[in-house]
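Chain by chain, the residues:
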Amino acid sequence: MQVVSSTPFRVATLIWQPAAGRFALSVLCKATFSLRPGVSPLAPDQEVLQKDDAFWGNDMNRSLSRASDLAPQKPRVDVVLTGHAFAPNRVPVQRLTARLAVGEIDKVIEVVAQRYYDATGVLRDGPPFTQMPMVYELSAAGPENPAGMRPGTHSANYDLTDVDLVES
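Bear in mind that the values here come from a model prediction, so they are computed numbers and not experimental data.

**Digging into the overall build of the chain**
Across its full length, the chain holds zero helices and 10 strands. Each helix and strand of the chain, ordered N terminal to C terminal, gives the series β-β-β-β-β-β-β-β-β-β. Out of the 168 residues belonging to the chain, those deemed buried represent 24%. Here the analysis covers contacts within the chain between residues at least 6 apart in sequence; of these, 41% occur between residues at least 24 apart. About 12000 Å² of surface is accessible on the chain, with carbon and sulfur atoms providing 53% of the total.

Here you go:
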């Protein structure tokens, strides 16, 4: 079966087996939006459906840059935010609050300057920033975030050159 989209959205099908002897067909649709203050217009370039999970720097020990879209069933829509947090008016800050609100989804995170642990083990703030990539590598490591910073590490040691999501 071929699914054809008469919209700008990307579509695909996935045939899978939920139980022995039974098959199911999932129809996937992906839309990409540009985030602007107060509005979220459809992006001029729609992202392709992601076949496999992709990691920053093609390193499976890093965080996901793109999750696979080919899941047989999802109870709800995915909302994935990638990019950078920008200081208001490009004035350097030590920290800021970033928020994403889409329908009933309303998430807030605190974005802080790159930090480091000093020789005594105390966490210290680095220089202020005007933009900061929003990646797990710059947050604390833990059971939910194996890619994050561990005590004794310096966030400036993370190679984030492949986190190139800024629009000019």
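Read on for the rest.
**A few points about unusual backbone geometry**
The phi dihedral of asparagine 58 is positive, around 55 degrees, even though this residue is not glycine. Mapped onto the elements of the fold, asparagine 58 is located in the loop between strand E3 (54-55) and strand E4 (64-66). One non-glycine residue, asparagine 89, lies in the positive phi region at around 55 degrees. Inspection of the secondary structure puts asparagine 89 in the loop between strand E5 (84-86) and strand E6 (95-102). On the basis of relative accessibility, which here comes to 73%, the residue asparagine 89 falls in the exposed class.

**A short note on the pairing of E6**
In this structure, E6 lies alongside strand E7 (residues 105-112), joined through eight bridges in antiparallel fashion. Bridged to arginine 99 within E7 is valine 108. In textbook terms, the turn of a hairpin is the stretch between consecutive antiparallel strands, and for E6 and E7 this stretch comprises two residues, one of which, glycine 103, has a positive phi near 60 degrees.

**Topic: the pattern of salt bridges**
Summed over all chains, the structure comprises seven salt bridges. Between lysine 30 and glutamate 47 there is a salt bridge, with its nearest N and O atoms 3.6 Å apart. In this pair, lysine 30 sits in strand E2 (residues 22-30) while glutamate 47 sits in the loop between E2 and E3, placing the two residues 17 residues apart along the sequence. We classify glutamate 47 as partly exposed; its relative accessible area is 29%. Residues arginine 99 and aspartate 106 are paired through a salt bridge, measuring 2.7 Å at the closest nitrogen-oxygen approach. Residue aspartate 106 is classed as partly exposed on the basis of its relative accessible area, which comes to 42%. The network of salt bridges with common partners includes Lys30, Glu47, Arg66 and Asp69.

**A short note on the side chain of threonine 32**
With respect to the element layout, threonine 32 can be found in the loop between E2 and E3. Judged by its relative accessible area of 13%, threonine 32 is buried. Of note is the side chain of threonine 32, whose polar atom sits 3.1 Å from the backbone nitrogen of glutamate 47. Other than its neighbours up to four places away in sequence, threonine 32 contacts Leu42, Ala43, Asp45, Gln46 and Glu47.

**So, the nonpolar core**
Trp56, Ala85, Ala87, Val93, Leu96, Ala98, Val111, Ala113, Phe129, Met132, Val135 and Leu138 form the largest nonpolar core, which has 12 residues in total. In this structure, alanine 113 is in contact with Gln94, Gly126, Pro127, Phe129 and Met132, ignoring residues within four places of it in sequence.

**Some words on the side chain of glutamine 46**
Here glutamine 46 shows up in the loop between E2 and E3. Setting aside anything within four residues of it in sequence, one finds glutamine 46 in contact with Pro8, Phe9, Arg10, Lys30, Ala31 and Thr32.

The rules behind the values
Residues numbered from 1 in each chain as written. Predicted model: local features only at pLDDT ≥ 70, side-chain atom pairs only at ≥ 80, totals over all residues. Heavy atoms only, no water. Helix = DSSP H or I, 4+ residues; strand = E, 2+ residues; numbered from the N terminus. Buried < 20%, exposed > 50% of the residue type's maximum accessible area, 1.4 Å probe, protein only. Contact = heavy atoms within 4.5 Å. Areas by Shrake-Rupley, 256 points an atom, 1.4 Å probe, with all protein chains shown as cover. Pairing = 2+ DSSP bridges. Salt bridge = Lys/Arg side-chain N within 4 Å of Asp/Glu carboxyl O. Polar contact = N/O pair within 3.5 Å; in protein donor to acceptor, adjacent residues only side chain to side chain. Core = buried A, V, L, I, M, F, W, Y, C linked by side-chain atoms within 4.5 Å.

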